[in-house]
Amino acid sequence: MSIRSTVILGLTILIQLSTQASLPSDLYYNAGVVEFRTGAALTSSGRLNDNLNGYLTILDSSEAGGLDIVAFPEGTLNSNDQATFVPDPTKGLIAPCDDKEDTYHDFLKQLSCAARKHSLYLVINLTEKELCSSVPEDPRPCASNGLNVYNTNVVFDRQGQVISRYRKVHMWGENKNTTLVPELGWFDTDFGVRFGHFICFDILFYTPGQELIDKYGIKDFVFTTMWFSQLPFLTAVQVHQAWSYGNDVNFLAAGASNPMIGSTGSGIYNGRNGIIVAKMNTGLGERKLYTAKVPKYETQRHRQKRSVGPSSTITPRLSKPDIYFKRDQLESYESVLIDLSRGTSLKQELCFSKTAFCCSFELKWQPVAFKENSTHYHYRVGVYDDLRKEVAPESNYLKNCALFSCTGEDIMDCGKIFDFDTDVAFENITIIGTFPKIDGFLLMPNSLKEADVMPVPVGHFEWSEVETKDNQIQVRYSLNTTTSNLLAFSIYGNYYDTYAENKGDGAASMGISLVCGFVMFLLNLVL
């Protein structure tokens, strides 16, 4: 080989390496999240092979080239009868790719090798097995086969080594074990970012997610999920943006994709700058990698606020039959029906009678002239200040000041969606509420548009929090862009442990009926 050829080859290698690995000094890192539809083979081994091949195809794709980190969703790889042992990274770093003793399932080896091959950090979710005898301090009864089975996140580094293992803390009807003491999951990268990670229903609890922020200052998160959306406050991307914005953290959410049973929603979020990329899928779902350059919080001072697009959020809407939605129990709210046909504005203070928690609303909408028996959205302003009223293993105390849509005048018509366009447009909404400042709570701007089942973009609303002298926080949340067919606009206050009465393992949920785990359990019956 000539000197010139050698130099060219060397430069090519250097260029390839520079595109494959961000440095600690870089202002951004390159991330990908996968929305993944599981295989439909008749046997669990057949589905595992289909899912694994789907994972490897995505990692081999040109879209994955140059990424520093890729995350796959919850519950889309193996099932209980294909469970695998997973190395404990606290006892030394092991790459299953190098396993010669068949200690680990073949799919874990292949994914370890894929992380090494593509020189990236890889986050997967799987069903893990562990010998009960390896945790003699756990006094709880063991299964007859001598195994604990966990819903587990596994993180590989660029060499295919397992550098983090997190077992889901909060279950909902899942055929899985929990650890004796809740675990926290985080890992450091060679591009200077520390990530926390957790799974689906965990996001609704103080431990692990909020604890990783409050106690350890983590600003970047990976979220693996099989989410089942609930109207009007807890659809997938809506929750992602709200949690990322409320905590001002980067958030990488990878979602399972089966919209016909309600599971979809993936995205990458940049805290107070909002969505970088996000998708709510319809129909049969998809296997797709979504990528983004993610600003590092350590270099926040260098960041420019991104454009949020046009001054209108009116876009073609999704078709109702393509996504299944659950419904919140809005009949528990104190609420007032708005008469849209009388005038174009409203000022209203509303209090929750049991606690005297009050919210003020100021609304302005475009003139509407409804014909007799016409079909259109009705709206209510509502206040809630109590434990959630749903059947759940755990519950939380919720303080919510909300505007929400209804398909009729009765409260039981609320939290539903039309399958055609209607013509109600709000020009301005301002909600003000005063919330107690205590340990273990999160205040979030929560919104949802019918047009695309996405939240109102950052930049189309204003959010402010002012601490008062009596240890309260006054929140003002205002829509500043004309928006058609809103489904929700609320100050959503979650009070985790402090107010909760129905505690399970020491943390309280937001108590919703998303049933991440329950539906995943049903799917596991056939996986």
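Residues numbered from 1 in each chain as written. Predicted model: local features only at pLDDT ≥ 70, side-chain atom pairs only at ≥ 80, totals over all residues. Heavy atoms only, no water.

1. Some details on the layout of surface pockets
Stage number 1. Here the largest pocket is characterised by a volume of approximately 610 Å³.
Stage number 2. Around the largest pocket, the lining is made up of 28 residues, and of these Asp-88, Lys-91, Glu-130, Arg-165 and Arg-167 lie nearest the centre.
Stage number 3. Counting residues per element, the ones that place at least two in the lining of the largest pocket are β3 (121-131) and β5 (162-167).
Stage number 4. In terms of residue class, the lining of the largest pocket is built from 13 nonpolar, 5 polar and 10 charged. (1 Å grid on protein atoms, 1.4 Å probe; cavity = no way out; pocket = protein on both sides within 12 Å on 5 of 7 lines; lining within 4 Å. Points joined across faces, edges and corners; volume = space filled by probe spheres on them. Helix = DSSP H or I, 4+ residues; strand = E, 2+ residues; numbered from the N terminus. Nonpolar A, V, L, I, M, F, W, Y, C, P; charged D, E, K, R; others polar.)

2. Overview of the side chain of Gln-241
Stage number 1. Its place among the elements puts Gln-241 in helix α5 (residues 236-247).
Stage number 2. Within the structure, Gln-241 has its side chain in polar contact with the backbone oxygen of Val-456 (distance 3.1 Å).
Stage number 3. Not counting the four nearest positions on each side in its chain, Gln-241 is found in contact with Tyr-269, Gly-274, Ile-275, Pro-455, Val-456, Val-458 and Phe-461. (Polar contact = N/O pair within 3.5 Å; in protein donor to acceptor, adjacent residues only side chain to side chain. Contact = heavy atoms within 4.5 Å.)

3. A look at the packing of helix α2 (residues 44-60) against helix α3 (residues 106-118)
Stage number 1. Two numbers describe how α2 lies on α3: the axes approach to 11 Å, and their chain directions differ by 5 degrees. Judged by the inter-axis angle, α2 sits roughly parallel to α3. Contact residues: Leu-48, Leu-52, Tyr-55, Leu-56, Leu-59 and Asp-60 in α2; Phe-107, Gln-110, Leu-111, Ala-114, Lys-117 and His-118 in α3.
Stage number 2. Of the residues in the contact of α2 with α3, the class split is 8 nonpolar, 2 polar and 2 charged. (Axes fitted to C-alpha atoms, helices over the stretch in contact; angles between N-to-C directions. Parallel < 35°, antiparallel > 145°, perpendicular 65-115°, else oblique.)

4. Notes on the sheet that holds strand β12 (residues 275-279)
Stage number 1. Taken in spatial order, the 6 strands of this open sheet run β6-β7-β8-β10-β11-β12, and their pairing is mixed. Edge strands, defined here as strands with exactly one partner in the open sheet, are β6 (186-188) and β12. Mean inter-strand twist for the sheet, computed between neighbouring axes without regard to direction, equals 15 degrees.
Stage number 2. In terms of strand pairing, strand β8 (residues 220-225) meets strand β10 (residues 250-255) through 6 bridges, oriented parallel. Bridge pairing links Asp-220 to Asn-250 in β10. (Pairing = 2+ DSSP bridges.)

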